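Breakdown of the fold
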Amino acid sequence: MDLDAVADELYALRPEDFTAARASAVAAARTAGDRELAERIGALRKPSLAAWASNLLVRSRPGEVEPLLRLGEGLRRAHQDLDGTQLRELSRRQHALIRALSAQARQLAKEAGHPIGESVQREVETTLHAVLADPDAARAWASGRLTKPLSATVGFPAAAEGARPQRPTPPEAPARPDRKADEQRRRRLAEARRDAEEAERELRTRKDEAAAAGQAAEEAKRQVERLQRRVDELTGELERTRGEHQQARFAERSARERAREADRRLREADRRATTAAARLDRLTSS
């Protein structure tokens, strides 16, 4: 038993299951004689509902983690050098990705049997904004062990406000162009654009996959309904056939009874005819 393994297991649980599982792990560590580990496990904090949903997104959708981290890195590198128009475009992509991921987190929470409301979903979105803006927040989120929602300590005000970034210049004269700085700025801008485009492509792919899965689920539902109707039809037909079979068996028994009765009467009539013929012969001979 080690702390990382226990923490991974605990933070994969639903919030209401966390405390009991932590107590069990603490007891197991004490039984094993590792008092220090028991204390460290006991210090692990139960996640809030928004933190749990954020952890669930990381654990259930590992393919979504890297694109968001790369987009955040690109935005942070490009922030100081981009003009307002470019920042607004990247901000639009950023918000679209965050909305999609927060919606996924809400769906995952529902599938896990613990639906979240609008306020908790907004806390998840705030956490994702922090992931883009703050590398420390990004690392904490990617660990899948959040205990509370994150808030950005570094933001993108120029993108949010639609303003151009401010570049300080000496009061006595404008700064001379720096070709090396311009080249670095262009490289960072190109890299940020590539990261943003890759994240957007990833988002489109996930949307297509979700749409295809939804369509397959709907078709499967329709197939189940068709088969259920067929089962109902066959069940009704089976019941009717059973009734007809029972009637046929009853008719067969009745026919056999009538045949036996007719045979008995035939034998009786034959005996009477034989007796009458013999009597006639005797009377004729005498």
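Bear in mind that the values here come from a model prediction, so they are computed numbers and not experimental data.

With that settled, the discussion passes to the overall build of the chain. On a plain count of helices and strands, the chain comes out with 10 helices and 0 strands. Secondary structure elements of the chain occur, N-terminal to C-terminal, as α-α-α-α-α-α-α-α-α-α. By residue count, 29% of the 286 residues in the chain fall in the buried class. Sequence-distant contacts, at least 24 apart, represent 76% of the contacts inside the chain between residues at least 6 apart. Entry remark: accessible area of the chain is about 18,700 Å², with carbon and sulfur atoms responsible for 51%.

So, on to the nonpolar core. Grouped together as the largest cluster of nonpolar side chains are 30 residues, with contacts concentrated most on L57, L68, L128 and W141. Looking at this core, the elements that each hand over two or more residues are α4 (49-60), α5 (62-78), α6 (84-111), α7 (118-133) and α8 (135-142). Per element, the largest residue contribution to this core is 7 residues, and it comes from α4. With residues up to four places along the chain from it excluded, the contact list for L68 reads L97, L101, L128, V131, L132 and W141. One finds A7, Y11, V26 and I41 within the second-largest nonpolar core, a separate group that totals 13 residues.

Attention now goes to the pattern of salt bridges. Throughout the structure, instances matching the rule amount to 17 salt bridges. Across the pair D8 and R59 runs a salt bridge whose closest N-O atoms are separated by 3.7 Å. With a gap of 51 residues between them, D8 in helix α1 (residues 3-11) and R59 in helix α4 connect regions that are remote in the sequence. Take R59: its relative accessible area is 30%, and that puts it in the partly exposed class. Between E39 and R35 there is a salt bridge, with its nearest N and O atoms 3.8 Å apart.

Take the side chain of Q121 next. Positionally, Q121 belongs in helix α7. Engagement of the side chain of Q121 in a polar contact is seen with the side chain of S102, the distance being 3.5 Å. Within the local environment of Q121, its side chain forms a polar contact with the side chain of R106, the two groups lying 2.7 Å apart. Contacts of Q121, omitting those with residues within four sequence positions, involve S102, A103, R106 and I116.

Our next topic: the packing of aromatic side chains. A ring pair, where both rings are aromatic, is described by two values, the distance of the centres and the angle of the planes. Under the criterion given, the structure shown has 1 aromatic pair. Plain terms: the ring middles of Y11 and F18 are 5.3 Å apart, the flat faces sit at 45° to each other, and that makes the pair tilted. Grouping residues by exposure puts Y11 and F18 together as buried.

With respect to the secondary-structure elements, R99 resides in helix α6. Judged by relative accessible area, R99 falls into the exposed class, the value being 51%. Taking the C-alpha atoms as reference, R99 lies 7.1 Å from E125; in sequence the two are 26 residues apart.

Moving on to the confidence of the model for the chain. Detailed reading of the predicted coordinates is not advisable wherever pLDDT is low. In the predicted model, the chain carries a mean pLDDT of 80, and the fraction of residues at 70 or more is 74%. Overall, residues 157-177 carries pLDDT values under 50, and its contacts beyond four positions in sequence, including any with other chains, amount to 24 contacts.

Turning next to helix α2 (residues 15-31). With 17 residues, α2 should reach 24 Å at 1.5 Å per residue; the first-to-last C-alpha distance of 25 Å fits that figure. Those residues of α2 that sit buried are P15, F18, R22, A25, V26 and A29. Packing partners of the buried residues in α2 comprise α1, α3 (35-42) and α4. Of the residues flanking the end of α2, it is G33, one or two places downstream, whose phi is positive at about 85°.

This next bit is on the side chain of R22. In this structure, R22 sits in helix α2. Buried and unpaired, R22 has D17 as its nearest opposite-charge partner, separated by 13 Å. Excluding residues that lie within four positions of it along the chain, R22 makes contacts with L10, I41, G42, L44, R45 and K46.

This next bit is on α8. Among the residues of α8, those classed as buried are A137, A138 and W141. Angularly, the buried residues of α8 cover 105° about the axis, an arc narrow enough to put them on a single face. The distance from a side-chain oxygen at the start of α8 to the backbone nitrogen of D136 is 2.9 Å, and the residue carrying that oxygen is D134. G144, located one to two residues past α8, shows a positive phi value of around 70°.

Moving on to the environment of T126. Within the secondary structure layout, T126 lies in helix α7. Classification of T126 by relative accessible area gives partly exposed; the value is 38%. For the pair T126 and S151, spaced 25 residues apart in sequence, the C-alpha to C-alpha distance is 6.2 Å. Ignoring any residue separated from it by four or fewer positions in sequence, one finds T126 in contact with L150 and S151.

Criteria and cut-off values
Residues numbered from 1 in each chain as written. Predicted model: local features only at pLDDT ≥ 70, side-chain atom pairs only at ≥ 80, totals over all residues. Heavy atoms only, no water. Helix = DSSP H or I, 4+ residues; strand = E, 2+ residues; numbered from the N terminus. Buried < 20%, exposed > 50% of the residue type's maximum accessible area, 1.4 Å probe, protein only. Contact = heavy atoms within 4.5 Å. Areas by Shrake-Rupley, 256 points an atom, 1.4 Å probe, with all protein chains shown as cover. Core = buried A, V, L, I, M, F, W, Y, C linked by side-chain atoms within 4.5 Å. Salt bridge = Lys/Arg side-chain N within 4 Å of Asp/Glu carboxyl O. Polar contact = N/O pair within 3.5 Å; in protein donor to acceptor, adjacent residues only side chain to side chain. Phe/Tyr/Trp six-rings, centres within 6.5 Å; stacked < 30°, edge-to-face > 60°. pLDDT = per-residue confidence, 0-100. Expected span 1.5 Å × (residues − 1). Lys, Arg positive; Asp, Glu negative; His and termini not counted. Arc of directions from axis to C-beta.

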